[in-house]
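# Geometric and topological summary
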Protein chains: 4
Amino acid sequence: MAHLTHDSYGKSGIRLTKVTRHADRHDLRELTVDIELEGDFAASYTDGDNASLVATDTMKNTVYALARSHPMESPEAFGLALAAHFVDGNAHVASATVHLAEQAWARIPVDGAPHPTAFVAGSREQRVCTVLHAREGTEVVAGLEDLLVLKTTDSAFTGFLRDAYTTLPDTDDRILATSVTAYWTYAGGEHDWNACFDAVRTAMLDVFARHHSLAVQQTLHLMGTAALDACPAVTEITLQLPNSHRLLVNLSPFGLDNPNVVFVTDEPFGLISGTLTRE
Amino acid sequence: MAHLTHDSYGKSGIRLTKVTRHADRHDLRELTVDIELEGDFAASYTDGDNASLVATDTMKNTVYALARSHPMESPEAFGLALAAHFVDGNAHVASATVHLAEQAWARIPVDGAPHPTAFVAGSREQRVCTVLHAREGTEVVAGLEDLLVLKTTDSAFTGFLRDAYTTLPDTDDRILATSVTAYWTYAGGEHDWNACFDAVRTAMLDVFARHHSLAVQQTLHLMGTAALDACPAVTEITLQLPNSHRLLVNLSPFGLDNPNVVFVTDEPFGLISGTLTRE
Amino acid sequence: MAHLTHDSYGKSGIRLTKVTRHADRHDLRELTVDIELEGDFAASYTDGDNASLVATDTMKNTVYALARSHPMESPEAFGLALAAHFVDGNAHVASATVHLAEQAWARIPVDGAPHPTAFVAGSREQRVCTVLHAREGTEVVAGLEDLLVLKTTDSAFTGFLRDAYTTLPDTDDRILATSVTAYWTYAGGEHDWNACFDAVRTAMLDVFARHHSLAVQQTLHLMGTAALDACPAVTEITLQLPNSHRLLVNLSPFGLDNPNVVFVTDEPFGLISGTLTRE
Amino acid sequence: MAHLTHDSYGKSGIRLTKVTRHADRHDLRELTVDIELEGDFAASYTDGDNASLVATDTMKNTVYALARSHPMESPEAFGLALAAHFVDGNAHVASATVHLAEQAWARIPVDGAPHPTAFVAGSREQRVCTVLHAREGTEVVAGLEDLLVLKTTDSAFTGFLRDAYTTLPDTDDRILATSVTAYWTYAGGEHDWNACFDAVRTAMLDVFARHHSLAVQQTLHLMGTAALDACPAVTEITLQLPNSHRLLVNLSPFGLDNPNVVFVTDEPFGLISGTLTRE
């Protein structure tokens, strides 16, 4: 016989634009919000009895209503407020998980100065966070996705295992390109979410640019270590680094050499993952 | 101090086309394969010592080489062979996880009969499976993604909780549209993977079409129960059902009624999840 | 000095679901509609004087309002009604172009029969049409996009030009895969839009499956000729056939042959275009 | 009888990474190249006689081979060289069209200075150009796509035409968000392609930020005029400005006002087009 052993539900893809109107400038945040609740909802699954369900349409309304007055100085702060709302207001809700993804906007430079009310979109990179508010406590995981970086030198890959299916040659100078995904967990309590985000991001970029890579694995380890060093409030970080291969094109059929000049993108990608924990 | 507490790596997005040439017809399979290994790879992370790394390029080669002779009667069977290859051939590999996603192709009908060597792509739906081969045993999880279904009646949503942010009215006749994602776990051992897949898929579609839905949650529960009933080898199933809202358009400003005739798609979507386990 | 030499505007991405409720079954159409007007709108561009602008929000409302009563037996018929509405109701509108793209839905089979009110999405293929209603007349262009087809044999490519940058060998047996895009123009007047669409589509698939291809160019020519033969109301057809390469994998480094069994998808794609006109 | 009235073919999606290695820094360009030829290719369509076909695989090889030595100081210059190659080397080729799209990379700042060999991806914005080299002459069209901009004030939309389907109220303060697509044509001859591109882009951004918009149409006209003013070599510019609506959320059901603070993105989008030509 079948038994319902886990359930959750919520609203995803709630798109929110918040404009904060200061006298001398406007601030702009654009977020996509997902909300997921766990709790005492089994009757809806087993009997279609919806009395305990917060409608997902209500969740959407709640996001917009709470956004009206929340200062929204960071995604983490707004996520904490949202998650607390659902748990505090409903005794039968065990936990609320709020995920936020932010599209970055920069001010358009006009005559060398940032314009107060006109913006241009930043890169594909997204600042994300996931706030879990349960009866027993709160956890904040922040992160970033789709941060594309590439170094044209200082990357090698040699001495790997060779078996019957190995054709890749050793290389001591290749392009290293990746799209950084990183999620890090904060110790309990409030932190300066924006300062921590910036410190972690800068530390990872700095290591990526400076170090001589012997493997994407090693690059990941150094980036994670630097992130933990950069923000004492971070207890753990997980990185996923796809190896977005740029392969040297063989130009010898055309009588040409190719001393690391012309490359082609190859589609299947290595994917390197690792978690570093503060001792 | 930072400590590496988890690591894994592999190759993703390996695209494979396999043609099996029978006398009277060709069979076609197109798969995208991801491979992930866990094991004794820490030296690559901490020291850039790659001696224990199976290069991800080697993984790609291995997929193509093993595909040459494998009968590939199902994604599950090929995934099991691939995962075993990496664990059996490398004492320092603790586990291999192989994920396969299949694009369906149907034969083009010509003069009322399926053509032996010409194909047309099926829907966006993907048949997927994840095979985990660890030293201590093997687990096969099969599933499907992006199976879009819609019913124009026999769906209600009433009696849900109302709070200060609730504006949604009760409805006893709405469109129910979703994109089914389902993953199910098999008991250990070999099974008729294709027959089980078909039985689970058919059972879920059958319930979706026939039942009168009181909530997406209830629909999910019935679909999961039917899936477990349809294939005794399945021990557990997890479903994710986005509620792809079709909202009734308000035509009253134009002096028109709208008795469930004209709808607009609304972007933020409910997302209902649940796991059913065989007792 | 700058001069406005062309302008047009409209609304794009209007998503419409229409349910027609018969006694024994429901019919379902899902369309995405784009509307574009040309006419006397220059004052809005040059002076911000909007008095002649039909707001794009009004266009959206109009689509939903007209959908209420239109039988919508085909995208072409609904497009004609929409385009006429904007031109007939506004003397300063010179022409209206309406583009419609339809997502196909099929009935879920239950106990061997198609269910009257439950549907499953078809393939990625889209049926499209573009209706131009100008003061001087009307033109209907129908078409399809993203019809993926593949043949595992009966495709060769030999005898092409060789220059200093040619490395491709001749082949007399390869996989031919493409994603058909076709647009065809109807002679003036009303036609049986659905019957013509089916006839053209079937003719193209039939040729694709049956013929022995000497080049994608030749395949295109045969498909276009068959389309014109299949529907006398069609005066011209344009096809675009990407060559979605499946390349034979070189397995010789692993001591294996590969007699057209294992292929890999290569990303850059040939793109072959041609227009055939009825004499 | 069917007659082939137009044909062309080529290779699309050729992804190229070019690294230029200076003593003190590396320069990086990443381009996606499409090539299309017109000429005397009818025999391939009608008879499968491929003797005059430059294989699309050869086109791909040619891109990589020419990239080896070309300085690639701009996409336009490389496009001109590529297009000339195919026309000059093949008497039966009437014209070659080369389209290039560039993904921007910026240097990672390290200790306040741009790193010489490490890069971070820019925004989604793409710099594009299309070079047509025909026997009778050459045309260069440059442009940009997916430049997302938003202004939080100084945008109105009032006084538009009202009909039976109009519900949109006038507004004198709304968010204006768009994704700029612009293509401009250069007068014949060589120009400083990079300086012109920067001048046109800056002029359009500057106008967008500064002006008080009475309609997207008016914004388009001002941006186009500014572009023509910024670069005398540009003879014509076409802009497409989707109106990426941010709609004010109605918070009155929750007892809240909403003085232009909280907005939701609405999916169907206005699309405003216009061409400005230098007199």
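Basis of the calculations
- Residues numbered from 1 in each chain as written.
- Chains lettered and ligands numbered in written order.
- Predicted model: local features only at pLDDT ≥ 70, side-chain atom pairs only at ≥ 80, totals over all residues.
- Contact = placed C-beta atoms within 7 Å.
- Helix = DSSP H or I, 4+ residues; strand = E, 2+ residues; numbered from the N terminus.
- Nonpolar A, V, L, I, M, F, W, Y, C, P; charged D, E, K, R; others polar.
- Pairing = 2+ DSSP bridges.
- Least-squares fit on C-alpha atoms with pLDDT ≥ 70 in both.
- Buried ≥ 20, exposed ≤ 12 C-beta atoms within 10 Å, placed from the backbone.
- Axes fitted to C-alpha atoms, helices over the stretch in contact; angles between N-to-C directions.
- Left-handed = near helix turned anticlockwise from the far one by under 90°.
- Domains from an automatic or database assignment.
- Core = buried A, V, L, I, M, F, W, Y, C linked by C-beta atoms within 7 Å.
- Parallel < 35°, antiparallel > 145°, perpendicular 65-115°, else oblique.
- Expected span 1.5 Å × (residues − 1).

### Things to note about the interface of chain D and chain A
Taken together, the contact pairs 48 residues of chain D with 48 residues of chain A. Elements with a minimum of two residues in the side of chain D that touches chain A: strand 1 (2–21), strand 2 (26–39), helix 2 (56–69), strand 3 (93–110), strand 4 (113–134), strand 5 (137–151), helix 4 (193–210) and strand 9 (262–265) of chain D. The dominant element in the side of chain D that touches chain A, judged by the number of residues it contributes, is strand 4 of chain D, at nine residues. When its residues are assigned to classes, the side of chain D that touches chain A shows 28 nonpolar, 11 polar and nine charged. Two elements, strand 1 (residues 2–21) of chain A and strand 9 of chain D, share two bridges in a ladder whose sense is antiparallel. Each residue of the ladder has a partner; that of A:Thr17, found in strand 9 of chain D, is D:Phe263.

### Structural notes on the relation of the copies chain D and chain A
Least-squares fitting of chain D to chain A yields an RMSD of 0.0 Å, with the superposition described by an axial translation of 0.0 Å and a rotation of 180°. Here the symmetry operator amounts to a two-fold rotation axis. Every residue of chain D has its C-alpha some distance from the rotation axis, and the shortest such distance is that of D:Ser123, at 1.7 Å. The overlap is high: 100% of the interface residues of chain D also sit at the interface in chain A, so the same surface is used on both sides.

### Examining the pairing of strand 7 (residues 234–243) of chain A
Residue and element names in this part refer to chain A. Across the 10 residues of strand 7, seven count as buried, placing the element largely inside the fold. Here strand 7 runs beside strand 10 (residues 269–278); their pairing, made up of eight bridges, is antiparallel. Residue pairing in the sheet places Glu236 in a bridge with Thr277 of strand 10.

### Things to note about the relation of the copies chain A and chain B
When chain A is fitted onto chain B, the two copies agree to an RMSD of 0.0 Å after a turn of 180° and an axial shift of 0.0 Å. A share of 100% of the interface residues of chain A reappears at the interface of chain B, consistent with the copies meeting face to face through the same patch.

### Focus: the packing of helix 4 (residues 193–210) of chain A against helix 5 (residues 216–230) of chain A
Residue and element names in this part refer to chain A. Between helix 4 and helix 5, the shortest axis-to-axis distance is 8 Å and the interhelical angle comes to 145°. The chirality of how helix 4 crosses helix 5 is right-handed. The residues of helix 5 that touch helix 4, namely those facing Ala199, Val200, Ala203, Met204, Asp206, Val207 and Phe208, are Thr219, Leu222, Met223, Ala226, Ala227, Asp229 and Ala230. Looking at the contact of helix 4 with helix 5 residue by residue, the classes come out as 11 nonpolar, one polar and two charged.

### Comments concerning the domain arrangement of chain A
All names here are of chain A. What the domain assignment reports for chain A is domain 1 (9–135) and domain 2 (146–277). Listed by partner, the interface residues are seven residues for domain 1 and six residues for domain 2. Considering each element in turn, the side of domain 1 that touches domain 2 owes the most residues, four residues, to strand 4 (residues 113–134).

### Some points on the nonpolar core
Judged by nonpolar contacts, the single largest core of 330 residues is most densely connected at A:Met204, B:Met204, C:Met204 and D:Met204. Not counting residues within four places of it along the chain, the set of residues in contact with D:Met204 comprises D:Val180, D:Ala182, D:Met223, D:Ala226 and D:Ala227.

### A look at the interface of chain A and chain B
With 66 residues of chain A at the interface, the matching set in chain B holds 66 residues. Looking at the side of chain A that touches chain B, the elements with two or more residues in it are strand 1, helix 1 (42–47), helix 2 (56–69), helix 5 and strand 10 of chain A. Pairing geometry for strand 1 of chain A and strand 10 (residues 269–278) of chain B, over 10 bridges, is antiparallel. The partner of A:His6 across the bridge, within strand 10 of chain B, is B:Thr275.

### Remarks on the pairing of strand 5 (residues 137–151) of chain C
The sheet contact formed by strand 4 (residues 113–134) of chain B and strand 5 of chain C spans three bridges and is antiparallel. Within strand 5 of chain C, the position partnered with B:Val120 by the bridge is C:Val149. Across nine bridges, the pairing between strand 4 (residues 113–134) of chain C and strand 5 of chain C is antiparallel. Bridge pairing in strand 5 of chain C places C:His133 opposite C:Thr138. The antiparallel pairing of strand 4 of chain C with strand 5 of chain C creates a hairpin that spans two residues between the two strands. In this sheet, strand 6 (residues 176–186) of chain C lies alongside strand 5 of chain C in antiparallel orientation, the contact comprising nine bridges.

### Quick word on the packing of helix 2 of chain D against helix 3 (residues 75–88) of chain D
Residues and elements named next belong to chain D. Where helix 2 meets helix 3, the axes come as close as 11 Å, and the angle between the chain directions of the two elements is 125°. As judged from the angle between their axes, helix 2 and helix 3 are oblique. Seen from above, helix 2 lies across helix 3 with right-handed handedness. Listed contacts from helix 3 to Thr62, Val63 and Leu66 of helix 2 are Ala81, Leu82 and His85. Taken together, the residues of the contact of helix 2 with helix 3 sort by class into four nonpolar, two polar and no charged.

### Topic: helix 4 of chain D
Along its 18 residues, helix 4 of chain D runs 26 Å from first to last C-alpha, staying within 8% of the 26 Å computed at 1.5 Å per residue. Those residues of helix 4 of chain D lying buried are D:Trp193, D:Cys196, D:Phe197, D:Val200, D:Ala203, D:Met204, D:Leu205, D:Val207, D:Phe208 and D:Ala209.

### Quick look at the environment of D:Glu267
Looking at the secondary structure, you find D:Glu267 in the loop between strand 9 and strand 10 (269–278). Accessibility expressed as a C-beta count within 10 Å gives 15 for D:Glu267, which makes it partly exposed. Each C-alpha atom of the pair D:Glu267 and D:Pro71 lies 43 Å from the other, and the pair is 196 residues apart in sequence. Once you skip the residues sitting within four places of it in the chain, D:Glu267 turns out to touch B:Glu267 and C:Gly13.

### A few points about unusual backbone geometry
Residue A:Asp154 is not a glycine yet carries a positive backbone phi of 65°. By secondary structure assignment, the location of A:Asp154 is in the loop between strand 5 (137–151) and strand 6 (176–186). The partly exposed category is assigned to A:Asp154, around which 16 C-beta atoms lie within 10 Å. Despite not being glycine, D:Met72 shows a phi value in the positive range, around 55°.

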